[in-house]
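Residue strings, one per chain:
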Amino acid sequence: MSYQVALSFEDGVTRFIECDPDQTVADASYRQRINIPLDCRDGACGTCKAFCESGDYDGGTYIDDALTDDEAASGYVLPCSMTPKSDLVLQIATTSEVAKTQAGEFTATITALDRLSPTTVALTIDTPQRADLAFLPGQYVNIAVPGTDETRSYSFSNGPDEKSLTFLMKLSPGGVMSDYLTDRAAVGDELTFTGPHGSFFLRETDRPVLLLAGGTGLAPILSILRTMVATGSRRPVHLVYGVSTDDDVVELDTIAKLATELPQLTWDYVVSDPASTAPNTGYVMSPIRDEHLHGGDVAVYLCGPPPMVEAVRTHFAERGIEPTGIYYEKFALAAAPGTEADSAAEPEDAPQPDTPSEDTVDTMQETAFGAVSPASRDRQQLLELTSVAAGEGRELAGQPMFAATTAAPVGPGAARDGNNSRVQRDYGALGSTRAGVDEVDTLRSVAGQGIWPAGTGTTRALDAGEDLVPAGAARAIAGQEMLTENTGIRPLGGPAPAPAKHESEPQSEPNAVQPNQGAAAGVTATPDGYEIGEQHPSIYKSDAVFDARQALELGAVEITIGRLSSQQLAGFRLLAEATVPYVDGDRFVDAAAYTEANAAFHDYLFTLTGNEHLLHAYRALGVKGHMDETLREATWCDPRCTQDHLDIVSAFEAGDRKAARALVAEHAERSKATTRRAMKEAREATRPAFVSPGRFAGKVVVVTGSAQGIGERAARRIGAEGGALVLADRSDLVQGVADDVTSEGGRARAVLADLETYEGAQAVIDEALEVFGRIDVLINNVGGAMWFKPYTEFTADQIQAEINRSLMTTLWSCRAALPALVRQGSGTIVNVSSVATRGIHRIPYSAAKGGINAITESLAMEYAGSGIRVVATAPGGTDAPPRRIPRGGDAPQTEQEKAWFQAHIDQTVESSLMKRYGTLDEQAAVIAFLASDEAAYVTGTVVPVGGGDQG
Ligand code: FES
């Protein structure tokens, strides 16, 4: 049970946090990313002193210098020492602004303004606050457009260590920044900007790099290249720079110079306009050749408009290329309406989204593939891209977008001119156009539109800090697969099963990518018009989740080290220390609590960057969800993990960048080792202890309630013995069981169904017949007591619910399956009853299981003549891992309820002659035997499996 603590700040803002009774308010606050004032964290300095307006608390231990008796008597408290005994209201002596780290605000002066081409300007600015501006190569800032209320986002093209800040800006007629640059801007003008922003930045590994830049998306790519030069990087790197027309080509000399400074750099540039005089015409992905992909062991950095990004991804998918990492940045068109871009004057000649002319279409196609600048966020460009989306189709986010086109393969004779060749090639042209795409649907799905709740019907502005990804039914964002599409497991006919809320489900991480997906992506769409994401192959089948976290953390280290206040360092140390109690040596004391504390520690580093995008990117990796799942039953932890947290903070306190970086990398390795071992042990724990190979060869076996517990173990055993399985459950965890069986060489089909309805039961049987053509065995395992208390405490609804769960499910399934078994003239039904037919504190369940016994004996009599056996086991108390699917009833809360629950356990053990619970394997063994032909002469029998408890 936790209490709610209201933190009332001086500026009138109130924030609420949850605080456990044994947790200090400061600890809870930092875990929930609210930086209340803090220094010693130990009741010694008084920095955190607050006034408690209401509530009961334990003030904790502190010295008089920190809080005098008089102050304590008049309601002052030390959040670093106090623990709540009720809900609290605290007055915090600072503003909410201070408590929440913000991106920096800077003023600067224009020092150079260069028209690089008819369409592109290079802007150079200097800021007196340069020392306070740390950024990563690839990040951007929001620049206020002088003389307007507008801001526009631009990526740095300079390296992080260069004094002057440079940007590439695309000129668009009617764009507010474009108007400023062409009409009013002059050297000496003052600008203001905020930043840095964005999680698109160079990750530091030794992996080869492929850089793809569209239009002024070249800016962040130049920043990356300049950083590689500055750091003496030896990574193989290839750059492809694509634009629409010759007018858009800029910075070739800069790239050529970088290539002399970075000998391993090769590059191409392409112009999509067929009339171009450039050496190469085509699209940005066209010149990518096998040697640039290093067999997939390559990090791809992709910056450009959504169609370009999607075209590249499609190109890779079609060629079966799965780069180790794809990091991209593109427009989030969704952000345009209602944001600053929306209010920009719409140019009269801007193409209209819903009425693309043929001319417009051609223009848009070219623009989309080659030349729209992601660094120039003017309204016209957004409209241009929107026009593409609405008008022409290839495919973007599942919506037809462009006319189908096939890039001509690069012929074997395609020559190269040394490392930096620019050989004339024809990369193919767009094919025929196609119209008729529904505008609204298309717009909703383009580049992040799917992140909004479905059915809003209109676009809207995004709020800063809003969780973007989880909304609605969005499974794909701009074509980036986020959640596993349930192609293999859908609710079957009848009422949809009530969603089983997994106890282990990461509730606080809606962005989390889900396990069992082939590709994982973290996507951040931002109010300032960027969509940033990354994609890794099979993230949950590898260590990629921790590799990705490490890469982001190294970026966060660069931004924060040496720049944290003593208060921030104190908070960081508090969170590091909070992880310590949950590990003892190499054993988890409490793996779940460790996962929570660990997540708060890692979250905080990203919070300290003041960069919500980095935090989003980290959360989108789903590290916590992954750890929740994999460490659920873990006992082993690398013994250095918690010390790493403390040492990382020490490195920050010392401003030791090198040590911090080394520790972050080492910690990632230890995290991998911990989860790898937990996954291995969990997998081994689910393997059946006994197997009779081939016993179910050729048999089709339906197992209900097979996502966990006895049903799961029986299913795994029968799968290992050659049975073809249909695994039915209300929880999609059953898909994981089916996947495991299949990965071990078995055959299994997972189905979601509500077996408390006849329709659900019938749908499972129909599915089994459709997939396998017959049913040899039906194991009715679904059921389970929901409440544990004296019968007089049950409500009528609860009694009915117990009967529905533990009796009706078997009645419905038998009714649904018997016609097919009768037609076959053979079949076996194994019901799972319980020794609880004689037990306390679950009378409705006992009655239901008594009914199962009656069904078993009576059906056996009725259908023996049809060649059908009906048998049952009656399990006693059985040890099982913690439930992943809640019972459905209320967990015992009060002492009385806990006592009632314990009484039924005591009675169960006492009724057993062996005075212990059984194991899942002991239960599965009898079910499998009764289901097999070995029990061919057994029918109408209920076999107690309760250590001597006959039920
Ligand atoms: S008394 Fe020092 S932080 Fe609370």
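Whatever comes next refers back to the structure up there.
Presented here is an overview of the structure given in this document. (Residues numbered from 1 in each chain as written. Predicted model: local features only at pLDDT ≥ 70, side-chain atom pairs only at ≥ 80, totals over all residues. Heavy atoms only, no water.)

1. Brief notes about the sheet that holds strand 8 (residues 104–117)
In a beta sheet, neighbouring strands pair by backbone hydrogen bonds and run either parallel or antiparallel. The six strands lie next to each other as 11-10-13-8-9-12, forming an open sheet whose pairing is antiparallel. Each edge of the sheet is formed by a strand with only one pairing partner; in this case those strands are strand 11 (151–155) and strand 12 (165–170). Strand after strand, the sheet turns through a mean of 40° between neighbouring axes, direction not considered. Bridge count for strand 8 against strand 9 (residues 120–126) is seven bridges, and the pairing is antiparallel. Bridged to D114 within strand 9 is A122. (Pairing = 2+ DSSP bridges. Helix = DSSP H or I, 4+ residues; strand = E, 2+ residues; numbered from the N terminus. Axes fitted to C-alpha atoms, helices over the stretch in contact; angles between N-to-C directions.)

2. What about the packing of aromatic side chains?
Overall, the coordinates contain 15 aromatic pairs when judged by the stated rule. Note on F572 and F601: the rings are 4.8 Å apart at their centroids and 10° apart in plane angle, and the pair reads as stacked. Highlighted residues: F572 in helix 13 (residues 566–579) and F601 in helix 14 (residues 591–608), separated in sequence by 29 residues. With respect to class, F572 is no different from F601; both count as buried. Through pairs of rings, three or more aromatic residues link up here, namely Y30, F572, F601, Y604 and F652. Residue placement shows K789 over the ring face of F794; its charged tip is 5.3 Å from the ring centre. (Phe/Tyr/Trp six-rings, centres within 6.5 Å; stacked < 30°, edge-to-face > 60°. Buried < 20%, exposed > 50% of the residue type's maximum accessible area, 1.4 Å probe, protein only. Lys NZ or Arg CZ within 6 Å of the ring centre and 35° of its normal.)

3. Quick word on the pairing of strand 15 (residues 237–243)
With seven of seven residues buried, strand 15 lies mostly within the body of the structure. Taking every second residue as pointing to the same face, both faces of strand 15 are buried, with V237, L239, Y241 and V243 on one and H238, V240 and G242 on the other. Direction of pairing for strand 14 (residues 209–214) relative to strand 15: parallel, over a ladder of six bridges. Its bridge partner being in strand 15, L210 is matched across the sheet by H238. In terms of handedness, the path from strand 14 via helix 5 (residues 218–230) over to strand 15 forms a crossover that is right-handed. (Right-handed = clockwise from strand over helix to strand, strands pointing away.)

4. A look at the pattern of salt bridges
Once the charged atoms of two side chains with opposite charge are near each other, the side chains can pair. The full count for this structure, using the stated rule, is 41 salt bridges. Salt-bridge contacts for E744 lead to R687; the nearest nitrogen and oxygen are separated by 3.1 Å. With E744 in the loop between helix 20 (733–743) and strand 27 (747–752) and R687 in the loop between helix 18 (657–686) and strand 25 (700–704), this pair connects stretches of sequence that are 57 residues apart. Across the pair R713 and D921 runs a salt bridge whose closest N-O atoms are separated by 3.1 Å. Of this pair, R713 sits in helix 19 (residues 709–720) while D921 sits in helix 25 (residues 920–931); the two residues are 208 residues apart in sequence, bridging distant segments of the chain. We classify R713 as buried; its relative accessible area is 9%. Among the ionic contacts, a cluster of salt bridges with common partners joins R683, R687, E712, R716, D740 and E744. (Salt bridge = Lys/Arg side-chain N within 4 Å of Asp/Glu carboxyl O.)

5. Things to note about the packing of helix 14 against helix 15 (residues 612–620)
At a closest axis distance of 8 Å, the pairing of helix 14 and helix 15 adopts a crossing angle of 150°. With respect to helix 15, the axis of helix 14 lies roughly antiparallel. Along this stretch, helix 14 crosses helix 15, giving a crossing that reads as right-handed. The residues of helix 15 that touch helix 14, namely those facing A599, H602, D603, F606 and T607, are L614, L615, Y618 and R619. (Parallel < 35°, antiparallel > 145°, perpendicular 65-115°, else oblique. Left-handed = near helix turned anticlockwise from the far one by under 90°. Contact = heavy atoms within 4.5 Å.)

6. Quick look at the sheet that holds strand 7 (residues 88–92)
Strand order across the open sheet formed by five strands is 2-1-7-3-5, with mixed pairing between neighbours. Edge strands, defined here as strands with exactly one partner in the open sheet, are strand 2 (14–19) and strand 5 (76–77). As paired strands, strand 1 (residues 3–8) and strand 2 are joined by six bridges and run antiparallel to one another. The partner of Y3 across the bridge, within strand 2, is C19.

7. Digging into the nonpolar core
In this structure, L7, V25, L90, F572 and F652 are the most contacted members of the largest nonpolar core, which totals 72 residues. Setting aside its immediate chain neighbours within four residues, L90 contacts V5, A6, L7, S8, V25, F51, C52, V77, P79 and M82. (Core = buried A, V, L, I, M, F, W, Y, C linked by side-chain atoms within 4.5 Å.)

8. Concerning unusual backbone geometry
Residue P196 follows G195 across a cis peptide bond; omega there is 0°. Checked against the element boundaries, P196 lands in strand 13 (residues 190–197). A positive phi is found at R41, a non-glycine position, where the angle reads about 65°. Among the structural elements, R41 can be located in the loop between helix 1 (25–31) and strand 3 (50–54).

9. Here's the deal with the layout of surface pockets
Volume-wise, the second largest pocket comes out at about 850 Å³. Along the walls of the second largest pocket sit 30 residues, with Q23, D27, A28, R31 and E596 positioned nearest its centre. Looking at the lining of the second largest pocket, the elements with two or more residues in it are strand 2, helix 1, helix 13 and helix 14. Element by element, the count of residues in the lining of the second largest pocket is highest for helix 14, at five residues. Here the residues of the lining of the second largest pocket are counted per class, giving 11 nonpolar, six polar and 13 charged. A domain split of the lining of the second largest pocket shows at least three residues from each of domain 1 (3–99) and domain 3 (553–682). (1 Å grid on protein atoms, 1.4 Å probe; cavity = no way out; pocket = protein on both sides within 12 Å on 5 of 7 lines; lining within 4 Å. Points joined across faces, edges and corners; volume = space filled by probe spheres on them. Nonpolar A, V, L, I, M, F, W, Y, C, P; charged D, E, K, R; others polar. Domains from an automatic or database assignment.)

10. Quick notes on the packing of helix 12 (residues 544–560) against helix 15
Describing two packed helices takes the angle between their axes plus the distance from one axis to the other. Running from amino to carboxyl end, helix 12 crosses helix 15 at an angle of 160°, the nearest separation of the two axes being 10 Å. As summarised for this structure, helix 12 and helix 15 are arranged roughly antiparallel, according to the angle between their axes. Of the two elements, helix 12 crosses helix 15, and the hand of that crossing is left-handed. From helix 12, R549, L552 and I559 reach across to helix 15, where they touch L614, A617 and Y618. Of the residues in the contact of helix 12 with helix 15, the class split is five nonpolar, no polar and one charged.

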